[in-house]
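Breakdown of the fold
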Amino acid sequence: NNGKIVIEQASGILLKDVAEILSTSHVPVLQLTSIFINDREAFSSPQSLKDKKLVLPFNQNNISIEFAAMDWLHPNKTNYLVKIDGVQSANTWMANPDARINLTGLAPGNYVVHIKAINSSGVWSNEINLPITIKPPFWQTWWFIALCMLAIAAILYWLYRYRVQQLLKMQLMRNNISRDLHDEMGSTLTSINII
């Protein structure tokens, strides 16, 4: 009588206005439905990632993101556009009819996944921006490289000091031999002179 439909759900009921469902200007609501990392579902509620950054270690770089926009009138006619900063050129939006993004083998770095939808009436949804950071392995971090360079410099300095000490020992031995020869020669010449 009042133009509303009651829909039963597991957590209660949903009261929906029929006029809103049939409205051609209905704005689709875009939401993340699931996120898989290395083929395992990572978040039970991907919406909790809203306004947050997804930070992952280097060995968790295979990511699948599923999303959906609710269009009550023509759900199969919803089109999705995806842009991924850090993988594609900055202004390239790509059509994605599967409502799923597969990011495999991401190199360490920073990425931003942009998703938006357009319904059958040409009305755009909200845009989802999901920043993703893949941390580099420890052997690619600046502090590890700096430590390695410092260790190599210390080894080279130690080798240089060792070589200098060996040369100084050799020179000291030559000086001793030279002094002994000089003293012996001088003594021998003095003895000959006396004789």
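Up top is the structure these notes are about.
Residues numbered from 1 in each chain as written. Predicted model: local features only at pLDDT ≥ 70, side-chain atom pairs only at ≥ 80, totals over all residues. Heavy atoms only, no water.

1. A closer look at the pattern of salt bridges
- On inspection of all chains with the given rule, the structure shows one salt bridge.
- Here Arg100 makes a salt bridge to Glu66, at a shortest N to O gap of 2.2 Å. Placement of Arg100 in strand S9 (residues 100-103) and of Glu66 in strand S6 (residues 63-70) is noted, with a sequence separation of 34 residues between them. (Salt bridge = Lys/Arg side-chain N within 4 Å of Asp/Glu carboxyl O. Helix = DSSP H or I, 4+ residues; strand = E, 2+ residues; numbered from the N terminus.)

2. What about the packing of aromatic side chains?
- Inspection of the entire model under this criterion finds six aromatic pairs.
- A centroid spacing of 5.2 Å and a plane angle of 80° characterise the contact between Phe138 and Trp139, whose relative ring orientation is edge-to-face.
- Take Trp139: its relative accessible area is 43%, and that puts it in the partly exposed class.
- Both rings, one in Phe138 and one in Phe144, keep their centres 5.3 Å apart while their planes meet at 90°; by these two values the pair is edge-to-face.
- Exposure remark for Phe138: the relative accessible area of 46% places this residue in the partly exposed category.
- Under the relative-accessibility criterion, Phe144 is labelled partly exposed at 25%.
- Members of the aromatic cluster, each reached through a chain of ring pairs, are Phe58, Phe138, Trp139, Trp143 and Phe144. (Phe/Tyr/Trp six-rings, centres within 6.5 Å; stacked < 30°, edge-to-face > 60°. Buried < 20%, exposed > 50% of the residue type's maximum accessible area, 1.4 Å probe, protein only.)

3. With respect to the nonpolar core
- Judged by nonpolar contacts, the single largest core of 26 residues is most densely connected at Ile63, Ile65, Phe67, Ile101, Val113, Ile115 and Ile132.
- Elements with a minimum of two residues in this core: strand S3 (29-37), strand S5 (54-56), S6, strand S7 (79-85), S9, strand S10 (109-118) and strand S11 (128-134).
- Of the residues forming this core, the biggest block, five residues, is contributed by S6.
- Aside from chain neighbours lying at most four places away, what touches Phe67 is Leu30, Gln31, Leu32, Thr33, Tyr80, Val82, Asn96, Ala99, Arg100, Ile101 and Ile115. (Core = buried A, V, L, I, M, F, W, Y, C linked by side-chain atoms within 4.5 Å. Contact = heavy atoms within 4.5 Å.)

4. Considerations on unusual backbone geometry
- Even without being glycine, Asp39 reaches a positive phi, approximately 65°.
- Locating Asp39 in the fold gives a position in the loop between S3 and strand S4 (40-41).
- Judged by its relative accessible area of 73%, Asp39 falls in the exposed class.
- The residue Ala99 is not glycine, and still its phi comes out positive at about 60°.
- Among the structural elements, Ala99 can be located in the loop between strand S8 (94-95) and S9.
- By relative accessible area, Ala99 is classed as buried at 13%.

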